[in-house]
Amino acid sequence: MEAASLCAPVAAPVAQEVAKPQPGADRVMTRTLDFLDPKPNGYTRKQLEPWVRATLAVRNIIGHANVVNNRTGSFTEASTAVRVIDSYRNVHELHTALGRMNL
């Protein structure tokens, strides 16, 4: 969402999603990826989209506390550490993509 707010001033579709009273994270992320790399098989999109989708899924599991299917129990110390370690590479890719757009 922070990356989207950086893109919004120069990307109308991103700005429209961010400006909604309740912006949908999936739509905001999709519009931001479309702005950063409009090619479906572009390098930036291939690097960031899986991480963005996985992060959104984790956020949804945590945010909606899916205790019925015990999905929250899959967050162990080890699995969280792997996500944090892997995030560095993805945040670096995101930073690089934003830099290419002079944001």
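Structure: see above.
In this text the structure is predicted, and so the values were computed from the model without any measurement. (Residues numbered from 1 in each chain as written. Predicted model: local features only at pLDDT ≥ 70, side-chain atom pairs only at ≥ 80, totals over all residues. Heavy atoms only, no water.)

A. Focus on the overall build of the protein chain. Secondary structure assignment for the protein chain yields five helices and zero strands. Burial statistics for the protein chain: of 103 residues in total, 31% are counted as buried. Intrachain contacts of the protein chain at a sequence separation of at least 6 include 56% that bridge at least 24 residues. Carbon and sulfur atoms make up 61% of the accessible area of the protein chain, which totals about 6,800 Å². (Helix = DSSP H or I, 4+ residues; strand = E, 2+ residues; numbered from the N terminus. Buried < 20%, exposed > 50% of the residue type's maximum accessible area, 1.4 Å probe, protein only. Contact = heavy atoms within 4.5 Å. Areas by Shrake-Rupley, 256 points an atom, 1.4 Å probe, with all protein chains shown as cover.)

B. Main features of the side chain of E93. With respect to the element layout, E93 can be found in helix α5 (residues 77-100). No salt bridge forms around the buried E93; measuring N to O, its nearest opposite-charge neighbour R100 is 5.6 Å away. If near-sequence neighbours (up to four positions away) are discounted, E93 is found in contact with Y43, Q47 and L48. (Lys, Arg positive; Asp, Glu negative; His and termini not counted. Salt bridge = Lys/Arg side-chain N within 4 Å of Asp/Glu carboxyl O.)

C. Molecular detail of the nonpolar core. If you look at the biggest cluster of nonpolar residues, it comprises 19 residues, and the most contacted ones within it are C7, V14, F35, L36, L94 and L98. Those elements that place two or more of their residues in this core are α1 (2-7), α3 (25-36), α4 (43-63) and α5. The biggest single contributor to this core is α3, with six residues. (Core = buried A, V, L, I, M, F, W, Y, C linked by side-chain atoms within 4.5 Å.)

D. Local environment of α5. Its 24 residues give α5 an end-to-end C-alpha distance of 35 Å, which sits within 8% of 34 Å, the value for a rise of 1.5 Å per residue. Of all the residues in α5, the buried ones are N90, E93, L94, A97 and L98. Once α5 finishes, N102 follows within two positions and takes phi at roughly 60°, a positive value. (Expected span 1.5 Å × (residues − 1).)

E. Representation of a nonpolar patch on the surface in the model. Taken together, L6, V10 and L103 make up a surface patch of nonpolar side chains, about 250 Å² in accessible area. Structurally, the position occupied by V10 is in the loop between α1 and α2 (12-18). (Patch = residues over 30% accessible without salt bridge, like charges linked within 9 Å, V, L, I, M, F, W, Y side chains within 5 Å.)

F. Examining the pattern of salt bridges more closely. Summed over all chains, the structure comprises seven salt bridges. The salt bridge partner of E17 is R27, with a shortest N-O separation of 3.1 Å. One end of the pair, E17, is in helix α2; the other, R27, is in helix α3, and ten residues separate them in sequence. Between R31 and E17 there is a salt bridge, with its nearest N and O atoms 4.0 Å apart. Of this pair, R31 sits in helix α3 while E17 sits in helix α2, placing them 14 residues apart in sequence. When salt bridges that share partners are traced, they join D26, D34, R45, E49 and R53 into one network.

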